[in-house]
Amino acid sequence: MRPLVMGVLNVTPDSFSDGGRFLDPGAAAAHGRALAAAGADIVDVGGESSRPGATPVPAAEEIRRVVPVIAALAGEVRVSVDTTKPEVAEAALDAGATLVNDISASLWPQAAAAGAGWVAMHMRGTPATMQLDPAYDDVVAEVAAFLRAAADAAAAGGVGEVWIDPGIGFGKTAAHNLALLRHLDRLVEGPYPVLVGTSRKGFLGGVAPEPDGTPATVDDRLPASLATATWAMLAGAAMVRVHDVAATVQAARLVGDRPGRSDGPHSEAKRVAT
Ligand code: HH2
């Protein structure tokens, strides 16, 4: 089986990439359907931006944004809710979401109560403060230990489907992000499937600048987004979270299963050829 692709659907005015485009529930549902048609395995619906310095949104407003969209999509595609608030997670699960994508790594009790899956993501601090001066002795070891403890607690608490995510860009410098990508095997070797989200993120602008040396703008980060998603999938990530679903699904098909498995990268090519 190829790695899974989670499509991003932000029902917010201020997300760093798609902010303001899908605030209308009809437009948001239409975009969710387009992501599914492009091959997204899961559509990740969020009602609060987590970009550095983002303004927090009251729970009632977040629920107002995400619930109608989740209800519209849930019968057609698997839906996750991207939230840090228990009451939003509960409302989303009631509306048909089956996975809680949790950048605060705290909402496993809500997932357990609903029989849903849970993503534990690593973040240092909060979106308001996380990029002020992130520092680690050993970022890979610290993130791995944090995620292992969070995932073990959720599994022991009754969550049957637990994912871990290093939280690229959440309280991390570009060097931290690259170290986590380079050493993804340290997360993959554990018992929990790994999700990685690099799509269009700021560090890519500096790492892969425009030909004139200026940082690539958010609209010009598809090549670096695809490269890092492909890197993560080849390193064993079981899912990537992206804005550009069709292109990433192509890459996921090319990667196929993890290298070395008998139904690995060549199996898709064989199917296409026959
Ligand atoms: N990144 C973002 C949001 N949610 N969830 C997981 N599990 N992993 C991530 O890397 C991740 C995430 C940030 O991206 P985006 O949703 O596009 O922007 P914003 O937070 O501004 O809405």
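Procedures and definitions
Residues numbered from 1 in each chain as written. Predicted model: local features only at pLDDT ≥ 70, side-chain atom pairs only at ≥ 80, totals over all residues. Heavy atoms only, no water. Helix = DSSP H or I, 4+ residues; strand = E, 2+ residues; numbered from the N terminus. Buried < 20%, exposed > 50% of the residue type's maximum accessible area, 1.4 Å probe, protein only. Contact = heavy atoms within 4.5 Å. Areas by Shrake-Rupley, 256 points an atom, 1.4 Å probe, with all protein chains shown as cover. Lys, Arg positive; Asp, Glu negative; His and termini not counted. Charge placed at Lys NZ, Arg CZ, Asp CG, Glu CD. Pairing = 2+ DSSP bridges. Axes fitted to C-alpha atoms, helices over the stretch in contact; angles between N-to-C directions. Core = buried A, V, L, I, M, F, W, Y, C linked by side-chain atoms within 4.5 Å. Near = heavy atom within 4 Å. Polar contact = N/O pair within 3.5 Å; in protein donor to acceptor, adjacent residues only side chain to side chain. Nonpolar A, V, L, I, M, F, W, Y, C, P; charged D, E, K, R; others polar.

Enquirer: Describe in detail the overall build of the protein, supporting the description with residues and values.
Expert: Looking only at helices and strands, the protein has 11 helices and eight strands in total. For the protein, the residues scored as buried account for 51% of the 274 residues in total. Across the protein, the fraction of contacts at a sequence separation of at least 24, relative to all contacts at a separation of at least 6, is 64%. When the accessible area of the protein is evaluated, it comes to approximately 11,600 Å², of which 57% is carbon and sulfur surface. The distance from the centre of the 22 positive side-chain charges to the centre of the 31 negative ones in the protein is 4 Å.

Enquirer: Outline the sheet that holds strand 2 (residues 42-46), supporting the account with residue identities and numerical values.
Expert: Spatially, the eight strands line up as an open sheet ordered 6-5-4-3-2-1-8-7, and their pairing is parallel. The sheet is open, and its two borders are formed by strand 6 (162-165) and strand 7 (195-196), each paired with just one other strand. Against the sheet, helix 1 (residues 25-37) touches strand 1 (4-10) and strand 2, its axis set at about 165 degrees to strand 1. Where helix 10 (residues 245-255) meets the sheet, its contacts fall on strand 1 and strand 8 (239-242), and the angle it forms with strand 1 comes to roughly 170 degrees.

Enquirer: Explain the nonpolar core to me, using residue names and the numbers behind them.
Expert: Formed by 66 residues in total, the largest nonpolar core has its most connected members in Leu9, Val45, Ile70, Leu73, Val100, Trp118 and Val196. Here the element with the most residues in this core is helix 5 (residues 139-156); it accounts for eight residues. If you look at the next biggest cluster of nonpolar residues, it comprises eight residues, including Leu4, Val119, Trp163 and Met239.

Enquirer: An account of the site of the ligand is needed here, citing residue identities and associated values.
Expert: The local shell around the ligand holds 19 residues, among which Ser15, Ser49, Ser50, Asn101 and Lys201 are the closest. Measuring from a nitrogen atom of the ligand, one finds a side-chain N or O atom of aspartate 82 at 2.9 Å. For the ligand, whose unbound accessible area comes to 480 Å², protein coverage reaches 98%. Listed by contribution, the elements that provide at least two residues to the shell around the ligand are strand 1 and strand 5 (117-121). Class assignment for the residues of the shell around the ligand results in seven nonpolar, seven polar and five charged.

Enquirer: A description of the environment of threonine 98 should follow, citing residues and the corresponding values.
Expert: Positionally, threonine 98 belongs in the loop between helix 3 (86-95) and strand 4 (99-102). Placed 18 residues apart in sequence, threonine 98 and serine 80 show a C-alpha to C-alpha distance of 6.0 Å. Residues in contact with threonine 98, not counting those within four places in the same chain, are Arg78, Val79, Leu93, Ala116 and Gly117. Separated by 2.8 Å, the side chains of threonine 98 and arginine 78 make a polar contact.

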